[in-house]
Number of protein chains: 2
Amino acid sequence: MALNHPFDPLTPREITQAADIVRNALHGHALDFRVITLKEPRKQEMLAFLERERHEKMPAQRPPREAWVQITVKGASGTTDFYEMVVDLDSAAVTRQDHLVGKHPYIDSAYMQAVEKACRSDPRIEAEIQKLKLPAGATVVVEPWAYATDGVNDMSERTSMCWFYMRLLDHLDANYYAYPLDLCAEVSENLEVTKIYYLPSAANDTVSENARPYDHNKVHATELSEYYPSLRPPPRTTTKPYQVIQPEGPSFQIEGNLLSWEKWTMRVGFNYREGLTLHNIRYEDRSLFYRLSLAEMFVPYGDPRSPYPRKGAFDLGNDGAGINANNLRLGCDCLGLIKYFDGWHTTKSGEPLKLPNAVCCHEQDDGILWKHTNHRTQNAAVTRSRILVLQTIITVSNYEYIFAFHFGQDASIHYEVRATGILSTAPINVGDKVDYGTVVAPGVLAPYHQHLFSLRIDPAIDGPANSLQVEESHAMPINDPTIHNPFGVGYHTKSDIVATESGLDLDFTTNRTFKIINENQMNPITGTPVGFKLLPCYSQMLLAHPQSYHAKRSEFGSHAVWVTRYKDDELYPAGRHTMQSLGGEGIASVIQQRKAASQGDTNVRNEDIVVWHTFGSTHNPRIEDWPVMPSEKMIVGLKPVNFFSGNPGLDVAVSTQENNKSVLFQGGFCGRFQTLRGVESIIGVD
Amino acid sequence: MALNHPFDPLTPREITQAADIVRNALHGHALDFRVITLKEPRKQEMLAFLERERHEKMPAQRPPREAWVQITVKGASGTTDFYEMVVDLDSAAVTRQDHLVGKHPYIDSAYMQAVEKACRSDPRIEAEIQKLKLPAGATVVVEPWAYATDGVNDMSERTSMCWFYMRLLDHLDANYYAYPLDLCAEVSENLEVTKIYYLPSAANDTVSENARPYDHNKVHATELSEYYPSLRPPPRTTTKPYQVIQPEGPSFQIEGNLLSWEKWTMRVGFNYREGLTLHNIRYEDRSLFYRLSLAEMFVPYGDPRSPYPRKGAFDLGNDGAGINANNLRLGCDCLGLIKYFDGWHTTKSGEPLKLPNAVCCHEQDDGILWKHTNHRTQNAAVTRSRILVLQTIITVSNYEYIFAFHFGQDASIHYEVRATGILSTAPINVGDKVDYGTVVAPGVLAPYHQHLFSLRIDPAIDGPANSLQVEESHAMPINDPTIHNPFGVGYHTKSDIVATESGLDLDFTTNRTFKIINENQMNPITGTPVGFKLLPCYSQMLLAHPQSYHAKRSEFGSHAVWVTRYKDDELYPAGRHTMQSLGGEGIASVIQQRKAASQGDTNVRNEDIVVWHTFGSTHNPRIEDWPVMPSEKMIVGLKPVNFFSGNPGLDVAVSTQENNKSVLFQGGFCGRFQTLRGVESIIGVD
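Nothing here was measured: the structure is a model prediction, and the numbers come from that model. The residue count restarts for each chain, going from 1 along the sequence in the order it is written. Each chain takes a letter, starting from A, and each ligand takes a number, starting from 1, following the order in which they are written. Confidence filtering applies because this is a predicted model: local features only for residues at pLDDT of at least 70, side-chain atom pairs given and counted only at 80 or more, and all residues used for totals across whole chains, interfaces and linings. Processing note: side-chain calculations cover all non-hydrogen atoms of the structure and skip hydrogens and water entirely.

(A) Examining the UniProt feature "active site" (unreviewed entry) in chain A more closely. Residue and element names in this part refer to chain A. UniProt positions are given in the numbering used here, feature names are shortened, and annotations may be inferred rather than shown by experiment. Mapped onto this numbering, the UniProt entry gives "active site" (unreviewed entry) at Asp315 and Tyr399. In summary, the annotated positions, though distributed over 85 residues, converge in three dimensions, the widest C-alpha pair being only 10.1 Å. Only runs of H or I of at least four residues qualify as helices and only runs of E of at least two qualify as strands under DSSP, and these elements are numbered from the N terminus. You can see Asp315 is positioned in helix 6 (residues 315-319). Residue class for Asp315 comes out buried when judged on its relative accessible area of 4%. Any pair of residues with heavy atoms lying within 4.5 Å of one another is described as a contacting pair. Setting aside its immediate chain neighbours within four residues, Asp315 contacts Glu296, Met297, Val299, Gly320, Ala321, Val396 and Tyr401. Note on placement: Tyr399 falls in strand 19 (residues 399-408). Exposure is judged per residue with a 1.4 Å probe applied to protein chains only, and the accessible area is read against the type maximum: over 50% gives exposed, under 20% gives buried, and values in between give partly exposed.

Below, the structure is given as structure tokens:
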């Protein structure tokens, strides 16, 4: 059997093995497995391995193969204990076991279904539903959410918030978010309904005291509220088919999880929490990034009225980008020649659980890579840009996110996030307006909210010792006798290197540029350190007040760029356990604690560093985002800056019609057409 | 003969007709035609026409068909007179004639060739070239530039700056920018060399006093300095062909210059200066934009040393995006099923000059438009996004720009600019560095510069009376007894409507959003005015000092968003005549003058307004931009905001493999493959 690569996710066999080891160690206890995932090798060992691997195909000396395991154990008194363990698969031993008190594992969908059921079977809830006097045929739908800490409840116990909607059409895919009900319930760990709320519904309500019958003016047209094809009028027929073919196959090669494309190599990883991860990203075998991953995502809602401050979702820490990854479909989620990667997770009982087609890999044409026409000879040289896309899509209740890394032939990387799906809605009286939400249908409020993402960039630009340089462009003074700028047009760059761990802000007005450089490797031509620069996504930071739980729990949301010293297993900028977290475990606290401890290891110059980019959107919904949102794109880039000796895509062949087989359209109304493969074709008639 | 549409560019026949009318009017004078282009109809008349056109196919009552004409006339004393005229084609009369004193027409490429020749045939230049002791076989190339006003020369006469390079390889497409020479010359209107400079070359040079022989350490490897395919090593062969087919033809229809695609209609225009223009852009027949165009572009260089402050190019006003539009090639500049539009210009003698394939029109797949998976049923609905692209590419000496409007099925418009081509270079001593440029090859300095674009948005959101609303998102105060925000998580929007003509700045920290709204049209569901919002490209504004000529000449570069009252023919934010302009003719001056005149027509609320977005890049070159730049993308968006009653792309059919015919890749190394059209195919072997 072929050995795994140390970066490979755990195989099904290893998941089974880890579960067995844990079961043996905790013999006699009733365990629920929540996580069995790769504990990535310690970086020092891994760097040594990667170096050996460059010289021998399968180095014998390997880092230990370890698993992170999370389990819950039902205690005798009905309580649930939460454990986190490290399992050494080589020695078949549990090497670390932490009993986590006051922490909660990520959302358990089976438990959430039980919460929903508990809500529906509670007679007090049923009585409240009766008071609503819903339209005939309506079906109530309960949507349980993890509880966003607001300081009101005792946080030691898992609590769920249940929001109520209804389906008006007798179809399981009817859009119940179109009918939010004035009701909400709190459910305890033991599945008891502990509180029932009437939601505020008028513009000036702060809390509602009474049950109100459903306002039938809120029933709106199917065309405006349904997105599911069979519930909609027939779709437009004007969009003609568009197909991508690669007659000679793809430009990528795949060997296990090793992906090679053009001059890039990288290893594709996957785990329940971050979903897609990328490892040991190299270009022409030069090291660029040790690891790239989406590290966290926070969605705080801006409606100030209770209980809405409990809507604040850590979509990675609480939900998991891996466990919620869609099973991608050929021809739908992905166009062209597609390679899929499966993910593996664990069932409650410790069996491997396949997450099929969790990541897709394909190429796209991306327009023109470079062009120049010599105006003297009129000779043009033009190359088209091909990109390699690694995409994963997640569904988190109502919303979806499409995450994609784009690799370019110019050695650039772009990380594209698209937000789509359905807005989380709340009731509002017909005719009312508020300044923290948009009325998207009669009686349907789409509250303002933010999406804050943290992209974790673990650089290894020509090696692990890197620095973060902040460069700005400034006008030269015009009347300074020491500066030659007689015509006032001069400008120059000034730069600093960040000395210690910190959070930093963007400033486009000074063209502030964050460069990850290797001060030990000078570019022989430019005379400057080799580097990659961040092309940030300019975004408003967290709006919640610093004293709020939202802010305390999502410290990464206060600055756009963070730089920290690399530490093994330090992967999550809002802390490892975000469910009902109390704050103080995020990136700012960690930096502060390390600085207070004066360990001297907060220096980030010429060290093994990690750069974290916070970006996202202040999403004040448009009605055009309803009932399903057109994708909203957010893009972050990483580009070489004085890393190479010239344009890395200079050797891409110029484009030819022979290869690209485009077709000329002539005339206006398409009466007839022909496509003769291999020859230039003409479509349409005059 | 079919009548032209009033927005149609002048036809070849009309160009000939206009030239005849002018020749008749100026009988006996030796004329050179510089411009014969459509003078677009007065908006009031045009709006009435468009309204009539919605009810009858070819309204008989039409705005007058007029041409703008620019001519130069050689005077008796050898001087050149510059005239601008309006020609009424219906009445065959010159209806306006302005003798422009102190103004210069845009760059005349034939004259520039004469400048080049004058330089090369001047014995003093030849003597200087001899002093350089160039390598054997070198060919000197003179690159004439329009003179950027710096206040030193008398500006009343046209002056050209000649920069010197050499070709080392004996090939006309050798990259001479790789070998900038320490020489520069100033050439007068009458083609006399009036001044010769030795360029500063050391880091601390402010001006150079002596001729220096060429430093042979500056001769670098062909692989690093040549881009032209036949001068390069063989290209990479790893990029496999990628083809786009549309077996049922395109989704667009074209009738003359009327373009219909999905629910969009618009008219495609073109002129020598702006290149591609778009008119009467409607969605589902609702009016959105009267006109969209790139209005100007300024490229100031940041090297403070004389004579470099004379490098500052108005690429539209001086050069022309239309006249420099590339002849686009099938399969190279455009992939898929392509419709081309030709442009028409005039020769010196007034003959129509065809600019073939100046604009291409095609569709692209743009990933996922929207998706939702019902987590209860696991049923997913996913639609792919198709976009319509209208692209034009221009070459301005060394640089190229790729301009593209992207129309979406979600009623969004994106304007994408890509900068590519070759950096303008200057000599530097081997081993030296400066903080206003990057050494991209031994002895080759790529000076810092900016690209500042002005996108002119002439909105007609549900009609011509529009307003510019500035909305920001702010945290609610946490301890204000008048505001309900008990948990500190609340945030809301505040907005103002701009009252009078002004320049405004971006601020992502407050999520400042510029919305073009129609206050007379309320969205019945949201209860807010219908609108479109600007998704700006966050960019540093002009760095040159406000007192500099660069700043005075490019006033639009000082703010990111400008709003003015619509005036016929007010199309250019740096003024109509930018060649050697002295400043004070730009958008800020016009606003100031109008305000000073207190004409009361500077109100922009609920008026016919124009919004101008300044964006671009502070381009501090990377070595990766050399010898030809990988495309640098800049993107501006326009999106509906509470304009429709829901997602405008909701009725796009969900994606199916039946239509999209994607292909599954299995296994690693592509040994064999098959593509069976119409069935799911498998490529590769394990």
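(B) Main features of the relation of the copies chain B and chain A. Superposing chain B onto chain A takes a rotation of 180° combined with a translation of 0.0 Å along the rotation axis, leaving an RMSD of 0.0 Å. What we have between these two chains is a two-fold relation. No C-alpha of chain B approaches the rotation axis more nearly than that of B:Val244, which lies at 2.3 Å. A shared binding surface is used by both copies, with 100% of the interface residues of chain B retained as interface residues in chain A. Copies overlap after least-squares fitting; the atoms used are the C-alpha atoms of residues with pLDDT of at least 70 in both.

(C) Quick look at the interface of chain B and chain A. At the junction of the two partners, chain B supplies 191 residues and chain A supplies 191 residues. Accessible area that two parts lose when put together, evaluated with a 1.4 Å probe and summed over both, is termed the buried area. Taking both sides of the interface into account, the surface hidden between chain B and chain A amounts to around 16,400 Å²; carbon and sulfur atoms contribute 56%. In terms of surface lost to chain A, no three residues of chain B exceed B:Arg236, B:Tyr242 and B:Tyr491, which account for 6% of the buried area on that side. Each reported salt bridge corresponds to a side-chain nitrogen of Lys or Arg within 4 Å of a carboxyl oxygen of Asp or Glu. Summed over the shared surface of chain B and chain A, the number is 16 salt bridges. Between A:Lys371 and B:Asp333 there is a salt bridge whose closest N-O contact spans 2.8 Å. Pairs of N or O atoms are called polar contacts if they sit within 3.5 Å, as long as, within protein, a hydrogen donor faces a hydrogen acceptor (for residues adjacent in sequence, only side-chain-to-side-chain pairs). The interface formed by chain B and chain A contains 119 residue pairs in polar contact (both at pLDDT 80 or more). The leading source of residues in the side of chain B that touches chain A is strand 17 (residues 352-373) of chain B, at 11 residues. For this classification, the nonpolar set comprises Ala, Val, Leu, Ile, Met, Phe, Trp, Tyr, Cys and Pro, the charged set comprises Asp, Glu, Lys and Arg, and every other residue, Gly included, is treated as polar. Its residues placed into classes, the side of chain B that touches chain A shows 82 nonpolar, 68 polar and 41 charged. Paired strands, as defined in this entry, are two strands with at least two bridges between them according to DSSP. Looking at chain direction, strand 33 (residues 663-665) of chain A and strand 16 (residues 337-346) of chain B are connected through three bridges and run parallel. Looking at the pairing, A:Leu664 lines up with B:Ile338 of strand 16 of chain B.

(D) Structural detail: the sheet that holds strand 2 (residues 66-74) of chain A. Residue and element names in this part refer to chain A. Taken in spatial order, the four strands make up an open sheet running 1-2-3-4, and their pairing is antiparallel. Two strands bound the open sheet, and with one partner strand each, they are strand 1 (31-39) and strand 4 (93-99). This sheet shows a mean twist of 20° between the axes of neighbouring strands, independent of strand direction. Note that strand 3 (residues 80-88) and strand 4 share six bridges and pair antiparallel. Following the sheet pairing, Val87 is matched in strand 4 by Val94. Only the stretch in contact is used when a helix axis is fitted, and all axes are lines through C-alpha atoms; the angle between N-to-C directions ranges over 0 to 180 degrees. Running over the sheet, helix 1 (residues 12-25) touches strand 1, strand 2, strand 3 and strand 4 and is turned about 130° from strand 1.

(E) Expanded view of the packing of aromatic side chains. Residue and element names in this part refer to chain A. Classification of ring pairs rests on two measures: the distance between centres of Phe, Tyr or Trp rings, Trp counted by its six-membered ring, which must be within 6.5 Å, and the angle between planes, read as stacked under 30 degrees, edge-to-face over 60 and tilted in between. Using the criterion set out here, one finds 54 aromatic pairs over all chains in the structure. Arranged with centres 5.9 Å apart and planes meeting at 55°, the rings of Tyr165 and Tyr176 form a pair that is tilted. Of this pair, Tyr165 sits in strand 6 (residues 159-167) while Tyr176 sits in the loop between strand 6 and strand 7 (180-188), and the two are 11 residues apart along the sequence. For Tyr165, a relative accessible area of 2% puts it in the buried group. Judged by relative accessible area, Tyr176 falls into the buried class, the value being 4%. Between Trp264 and Tyr283 the ring centres are 5.0 Å apart and the planes differ by 85°, which places this aromatic pair in the edge-to-face class. Highlighted residues: Trp264 in strand 12 (residues 264-271) and Tyr283 in strand 13 (residues 275-283), separated in sequence by 19 residues. What makes Trp264 buried here is its relative accessible area of 1%. Aromatic ring contacts, followed pair by pair, group Trp264, Tyr283, Phe289, Phe407, Phe532, Phe643 and Phe644 into a single cluster. We count a charge as sitting over a ring when the NZ of a lysine or the CZ of an arginine lies within 6 Å of the ring centre and within 35 degrees of the ring normal. Across the ring face of Tyr111, the terminal group of Arg158 is positioned such that the distance to the ring centre comes to 3.5 Å.

(F) Representation of the confidence of the model for chain A in the model. Residue and element names in this part refer to chain A. Confidence scores per residue from the predictor, reported as pLDDT, run from 0 to 100. Residues of chain A with pLDDT of at least 70 account for 96%, and the chain-wide mean is 94. Within the model, pLDDT remains below 50 along residues 669-686, and this stretch shows 47 contacts once partners closer than five positions in the same chain are excluded. This prediction of the complex comes with two scores: 0.96 for pTM and 0.96 for ipTM.

(G) View of the environment of B:Ser558. All names here are of chain B. If you trace the backbone, Ser558 turns up in the loop between helix 7 (549-553) and strand 30 (561-565). For Ser558, a relative accessible area of 40% corresponds to the partly exposed category. Each C-alpha atom of the pair Ser558 and Ile21 lies 42 Å from the other, and the pair is 537 residues apart in sequence. Apart from the residues within four sequence positions on either side, Ser558 is in contact with Asp505 and Met541. Only 3.0 Å separates the side chain of Ser558 from the backbone oxygen of Glu555, close enough to count as a polar contact.

(H) Up close: the nonpolar core. One finds A:Phe164, A:Leu390, A:Phe407, B:Phe164 and B:Phe407 to be the most contacted residues of the largest nonpolar core, which totals 260 residues. Residue contacts for A:Phe164: discarding those within four places in its chain leaves A:Cys119, A:Ile125, A:Ile129, A:Val140, A:Val141, A:Val142, A:Tyr179, A:Pro180, A:Leu181, A:Leu183, A:Cys184 and A:Ala185. To define a nonpolar core, start from buried Ala, Val, Leu, Ile, Met, Phe, Trp, Tyr and Cys residues and group those joined through side-chain atoms within 4.5 Å.

(I) Structural view of the sheet that holds strand 6 of chain A. All names here are of chain A. Sheet architecture is open: four strands sit in the order 5-6-7-8, paired in antiparallel fashion. Across the chains shown, the open sheet's two edge strands, defined by having one partner strand only, are strand 5 (139-146) and strand 8 (193-198). Shown here is a sheet whose adjacent strand axes are inclined to one another by a mean of 25°, direction ignored. Pairing geometry for strand 5 and strand 6, over eight bridges, is antiparallel. Bridge assignment links Val140 to a residue of strand 6, and that residue is Met166. Strand contacts of helix 3 (residues 109-120): strand 5, strand 6, strand 7 and strand 8, with the helix running at about 135° to strand 5, the strand carrying the most contacts. In this fold helix 4 (residues 123-132) packs onto strand 5, strand 6, strand 7 and strand 8, with an angle of close to 15° to the strand it touches most, strand 8.

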